[in-house]
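Listed below are the residues making up each chain.
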Amino acid sequence: MSGKPRLAVFKFASCDGCQLSLLDAEDELLAIAGAVEIAYFLEASSRVLPGPYDVTLVEGSITTPHDAERIQEVRRQSKFLMTIGACATSGGIQALRNWASSEEYLRAVYARPEYIRTLSTSTAIADHVKVDFELRGCPINHHQLVEVLSSLIAGRTPRTPNHSVCLDCKRRGTVCVTVAQGIPCIGPVTHAGCGALCPHFDRGCYGCYGPAAQANPSSLNDWWMQHGHAPQQLVPLMRNFNGYAPSFRSESERLERMAATSHSSDQVGGNDK
Amino acid sequence: MTNETSTDRVLPMEVRRVTGRQRPTRHGGQSNPWAETKAMASETRTIRIEALARVEGEGALDIRLEGDRIEELKLRIYEPPRFFEAFLCGRPLEEVPDITARICGICPVAYMMTSVHALEAALGVTVPSEIRQLRRLLYCGEWIESHALHMHLLHAPDFLGYDSGLEMARDYPTELGRGLRLKKHGNQLLETLGGRAIHPINVAVGGFYRCPKRDELAALIPDFEWGVQAAAETTRWIAGFPYPHFERPYEMIALSHPDEYPMNEGRIVSNSGLSLPASDFETEFEEIHVPHSTALHAARRRDGSSYLVGPLARVTLNRDRLSPTARRVADEIAFEPSCRNPYKSLIARGLELIHAYEEALQILTNYAPPRTSRVTYKPRAGEGAAATEAPRGMLYHRYRIDEQGKIAFATIVPPTSQNQRQIEEDLRHLIPTILAETDDNLGRQCERLVRSYDPCISCSTHFLKIHIDRGERSLDPIASPSNVTPTP
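Residues numbered from 1 in each chain as written. Chains lettered and ligands numbered in written order. Predicted model: local features only at pLDDT ≥ 70, side-chain atom pairs only at ≥ 80, totals over all residues. Heavy atoms only, no water.

A. Fine view of the overall build of chain A. Looking only at helices and strands, chain A features twelve helices and five strands. In chain A, the share of contacts with a sequence separation of at least 24, taken over all contacts with a separation of at least 6, comes to 73%. Accessible surface for chain A amounts to roughly 10,700 Å². Of this, 51% is attributable to carbon and sulfur atoms. (Helix = DSSP H or I, 4+ residues; strand = E, 2+ residues; numbered from the N terminus. Contact = heavy atoms within 4.5 Å. Areas by Shrake-Rupley, 256 points an atom, 1.4 Å probe, with all protein chains shown as cover.)

The following block contains the structure:
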């Protein structure tokens, strides 16, 4: 045994992109691999060592009965468990099933639904076990991942900024796409981490990093509605990659109730943006 | 009820992986098949590979042998289903490239490209040639990143006898360092043009949200000049690896375009004379739902037969359209014009790595920002289909849009689900030649064959595992998720 911290990476329902972020840290990869013992990381290595693990990265959400059991075992084997990415922290894009009938979904995708075993919900890791640290993003930012791992290797508590994307646009000197071009943007309520990418590319933020600390999405959406946007148009922005994060979830459900009310009283105006 | 055993608790991986530090047999599959087979004539061997390593996603391989007869062989994909085609319905069409990107963290651009082409077909939108070039440039970035990753970190360790690329770095620092740098520049291109390497944010139906400035792209030129030469060196290096002698009579399928190496468009062609518009994919190919997989298998509609997609098929069918340096290296290393050895997909990837660098360099050098970054359109009801060449092979999408511009129907056929049936068939031919091997080696060699396909299971639904049992050996609950029910 080398005495280096033992690192494990586990995957649940996800696209593999967040663990790939570790391999995408080309400049730091060999240094990290030298500073830890990679004990379990199937995407990178055939060598698999049993737990316990000092630092465990968990990617993906819980969507099957077996995975609901497996995460318990992963937790038992892990001293410090960190979730990486939107799937693990909020259920991911596949949490859209939480608002639908999963039987309908099964029938839509698979000709023989009886072959598939799945839960009706996609849920965050923290809904199942204690999580020691969450790294946000769809995908996570590999610079943040390297920083957090370096902190952990050095025995420091990792910190990542939890302000909104809006602030990062100001820092970056990006002209506000909402103010200047009237483009719907949820940067004011979205957690920082991406570097305020979308507005820099002339489009509105669509919330990959989930809700910022103390986000008030209702206030933002009320403003958009006062400026001519129908509630049903605003639902998709609140309900995508982090749609099941509590504050985005309650907001999309509020918008949906408003849309239903306006439908029933025949007050729906035009849908043009 | 083989699947049920996977919830038992043990660590077969420990057996396989830890003892598996020995180097793979030098000439995989060529050991003397007569050595032990007689003694095993009536023995039942259950070989289950619990979790295929160095692939993207989660799956397993179950093999049951009665003497020298294969009783059962399943490439079992148990990656949890995520239902993209279902939840796309009702979403605004503008969101489709961003959502389908999330099917796969390794090849998001392939999903974005295929979806925008299919949606543009439905909307009757044609993009100008400058946009078309930028899309090819973005695709080059993804081919570079994905091929360099697979070649250096996932596949090369099999040939050199290591458990990982990271471990290989100790003895091959130059080669691995070059590989990481090759990969990095692919990612830098994706970041410059797409905003970020994983799930780029700059792809829109009709074009891009913002086109890069000339300087932004010009800054990449020196690294891409280096990249063409470095990719050629890498390809020469891997061409010298010891390849198992194993060939299969594949029906190879790829896109083909008269003037260019296929990426974004072309007709679907095969080495058996097939040729049809990409939008007619479903007339010749179909998806079949098999009990052991959350990925649907694709097969030829006429007889349910398997076919091969990916770099080997592309190079075979389009070799004369590879870039000059890629063609020169292919000749220099005497790459067979109709190579049928699946392990040599690694070399085909190398040739495509050179091509992607060289084509990207050309686009970077000639780039002038287009006047408009995207074509505008009015939502209208319609239906459209498209196929493009993802790093792992042909990817097909079809959408129906309603009059408000919302998705009414979506179907997606990823490359790995097309190759899945072919992988199983290859294994059926490999196994009889390696029966004398220990379970450990047999499993290892099967896994290695699977890996030569660079399967992306997150795509096809989304991880692989392999089991070897010569009696009862149960499984690690950590290593073996199983959500696929046995045959009803």
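On we go from here.
B. Representation of the domain arrangement of chain A in the model. Residue and element names in this part refer to chain A. Parsing chain A into structural domains produces domain 1 (6-154) and domain 2 (165-266). One C-alpha centre belongs to domain 1, the other to domain 2, and the line joining them spans 26 Å. Taken together, the 17 residues of domain 1 in the interface contact 16 residues of domain 2. Surface buried jointly by domain 1 and domain 2 totals about 1,300 Å² across both partners, of which 57% is contributed by carbon and sulfur atoms. When the buried surface of domain 1 facing domain 2 is broken down by residue, S90, W99 and R136 rank first, second and third, together holding 47% of it. Linking domain 1 to domain 2 there are zero salt bridges. Linking domain 1 to domain 2 there are eight residue pairs in polar contact (both at pLDDT 80 or more). A total of three residues in the side of domain 1 that touches domain 2 trace back to one element, the largest contributor, which is helix α4 (residues 86-90). The residue inventory of the side of domain 1 that touches domain 2, partitioned by class, reads eight nonpolar, eight polar and one charged. (Domains from an automatic or database assignment. Buried area = accessible area lost by both parts, 1.4 Å probe. Salt bridge = Lys/Arg side-chain N within 4 Å of Asp/Glu carboxyl O. Polar contact = N/O pair within 3.5 Å; in protein donor to acceptor, adjacent residues only side chain to side chain. Nonpolar A, V, L, I, M, F, W, Y, C, P; charged D, E, K, R; others polar.)

C. Fine view of the packing of helix α10 (residues 217-226) of chain A against helix α11 (residues 231-238) of chain A. All names here are of chain A. Running from N to C, α10 and α11 cross one another at 145°; their axes reach a closest spacing of 10 Å. Seen from above, α10 lies across α11 with right-handed handedness. Counted together, P217, N221, W224 and M225 of α10 and P231, L234 and M238 of α11 form the full contact between these two elements. Looking at side-chain class alone, the contact of α10 with α11 contains six nonpolar, one polar and no charged residues. (Axes fitted to C-alpha atoms, helices over the stretch in contact; angles between N-to-C directions. Left-handed = near helix turned anticlockwise from the far one by under 90°.)

D. Up close: the sheet that holds strand β5 (residues 133-135) of chain A. All names here are of chain A. Taken in spatial order, the five strands of this open sheet run β2-β1-β3-β4-β5, and their pairing is parallel. Edge strands, defined here as strands with exactly one partner in the open sheet, are β2 (37-41) and β5. Adjacent strand axes in the sheet meet at a mean angle of 20° when their direction is disregarded. Pairing of strand β1 (residues 6-11) with strand β3 (residues 53-59) involves five bridges; the strand directions are parallel. Paired with A8 across the two strands is T56, which belongs to β3. Here helix α3 (residues 65-76) sits on the sheet and contacts β1, β3 and β4 (78-84); the angle it forms with β4, its principal contact strand, is near 130°. Taken strand by strand, helix α6 (residues 142-154) contacts β1, β3, β4 and β5, and its axis lies near 165° from that of β4. (Pairing = 2+ DSSP bridges.)

E. Just helix α7 (residues 173-194) of chain B, in detail. Relative to the 32 Å expected for 22 residues at 1.5 Å per residue, α7 of chain B spans 30 Å between its end C-alpha atoms, a close match to the ideal helical length. Following α7 of chain B by one or two positions, G195 of chain B adopts a phi angle in the positive range, close to 100°. (Expected span 1.5 Å × (residues − 1).)

F. Fine view of unusual backbone geometry. Look at the link from G51 of chain A to P52 of chain A: it is a cis peptide, with omega at 0°. Relative to the elements of secondary structure, P52 of chain A occurs in the loop between β2 and β3. In this model, C138 of chain A is joined to P139 of chain A through a cis peptide bond whose omega is 5°. One can find P139 of chain A in the loop between β5 and α6. Phi is positive for D454 of chain B, which is not a glycine, with a value near 50°.

G. Quick peek at the sheet that holds strand β8 (residues 275-277) of chain B. All names here are of chain B. Spatially, the three strands line up as an open sheet ordered β6-β7-β8, and their pairing is antiparallel. If you trace the sheet from one side to the other, it starts and ends with β6 (253-256) and β8, each paired once. Neighbour to neighbour, the strand axes of the sheet diverge by 30° on average, direction disregarded. Sheet topology note: the β6/strand β7 (residues 267-270) ladder contains four bridges and is antiparallel. Opposite L255, over in β7, you have I268 as the bridge partner. Along the sheet, helix α11 (residues 311-318) contacts β6 and β7; its crossing angle with β6, the most-contacted strand, is approximately 50°.

H. Representation of the packing of aromatic side chains within the structure. Inspection of the entire model under this criterion finds 19 aromatic pairs over all chains. Between Y139 of chain B and W143 of chain B, the ring centres sit 6.4 Å apart and the planes meet at 75°, which makes this aromatic pair edge-to-face. Placement of both Y139 of chain B and W143 of chain B in helix α5 (residues 129-160) is noted, with a separation of four residues, approximately one turn of the helix. Here Y139 of chain B matches W143 of chain B in class, with each residue buried. Centre to centre, the rings of Y172 of chain B and W237 of chain B are 6.1 Å apart; their planes meet at 50°, and the pair counts as tilted. Separated by 65 residues along the polypeptide, Y172 of chain B in the loop between α6 (165-168) and α7 and W237 of chain B in helix α9 (residues 221-239) bring together distant segments of the chain. When its relative accessible area of 23% is taken as the criterion, Y172 of chain B is described as partly exposed. When the ring centre of W226 of chain B is taken as reference, the NZ or CZ atom of R181 of chain B above it lies at 3.8 Å. Here the basic side chain of R210 of chain B rests over the ring of F201 of chain A, its NZ or CZ set 4.6 Å away from the ring centre. (Phe/Tyr/Trp six-rings, centres within 6.5 Å; stacked < 30°, edge-to-face > 60°. Buried < 20%, exposed > 50% of the residue type's maximum accessible area, 1.4 Å probe, protein only. Lys NZ or Arg CZ within 6 Å of the ring centre and 35° of its normal.)

I. Quick peek at the pairing of strand β12 (residues 393-401) of chain B. Residue and element names in this part refer to chain B. Most of β12 is tucked away: eight of the nine residues are buried. Both strand β11 (residues 382-390) and β12 contribute to a ladder of nine bridges, which runs antiparallel. Following the sheet pairing, T388 is matched in β12 by L395. Note that β12 and strand β13 (residues 407-413) share six bridges and pair antiparallel. Of the residues in β13, the one forming a bridge with R400 is F409.

J. Structural view of the environment of T376 of chain B. Mapping T376 of chain B onto the fold places it in the loop between α13 (345-366) and β11. Classification of T376 of chain B as exposed rests on a relative accessible area of 71%.

K. Focus on the side chain of T174 of chain A. Its place among the elements puts T174 of chain A in the loop between α7 (165-172) and α8 (177-181). Aside from chain neighbours lying at most four places away, what touches T174 of chain A is C169, P199 and H200 of chain A.

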